[in-house]
Amino acid sequence: MQTLQISDQAANNLNDMARQEHLAPAELIEQLIEKHRNEQAKRRELQAFFKPYQKDMTGFTFDREEANAR
């Protein structure tokens, strides 16, 4: 197990949150890490899903008069 160095304020906040959840601080950290991993996986999944729809819009200009004429 690695030693984690955190500020006193962060440690106090962690202990308060752990007490509210009725968990040990180490268990709360594990849950937060797992939640972060899940969010990162979901973000990568969404990026992969939308990648085919991303288009290079550099140089695009919008002419309102031309659009209204159509």
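Just so it is clear, the model here is predicted, and its values are computed rather than measured.

## Focus: the packing of aromatic side chains
Then step 1. Using the criterion set out here, one finds two aromatic pairs in the structure.
Then step 2. Each ring, one from Phe49 and one from Phe50, has its centre 4.9 Å from the other, and the planes form 85°; the classification is edge-to-face.
Then step 3. Owing to a relative accessible area of 43%, Phe50 belongs among the partly exposed residues under this scheme.
Then step 4. Considering the side-chain rings of Phe49 and Tyr53, the 6.1 Å spacing of their centres and the 50° angle between planes classify their relative orientation as tilted.

## Description of the pattern of salt bridges
Then step 1. Inspection of the entire model under this criterion finds one salt bridge.
Then step 2. We note a salt bridge from Asp16 to Arg19, for which the minimum N-O separation is 3.3 Å. Placement of the pair is Asp16 and Arg19 together in helix α1 (residues 8–21), with a separation of three residues, close to one helical turn.

Reading the values: rules and limits
Residues numbered from 1 in each chain as written. Predicted model: local features only at pLDDT ≥ 70, side-chain atom pairs only at ≥ 80, totals over all residues. Heavy atoms only, no water. Phe/Tyr/Trp six-rings, centres within 6.5 Å; stacked < 30°, edge-to-face > 60°. Buried < 20%, exposed > 50% of the residue type's maximum accessible area, 1.4 Å probe, protein only. Salt bridge = Lys/Arg side-chain N within 4 Å of Asp/Glu carboxyl O. Helix = DSSP H or I, 4+ residues; strand = E, 2+ residues; numbered from the N terminus.

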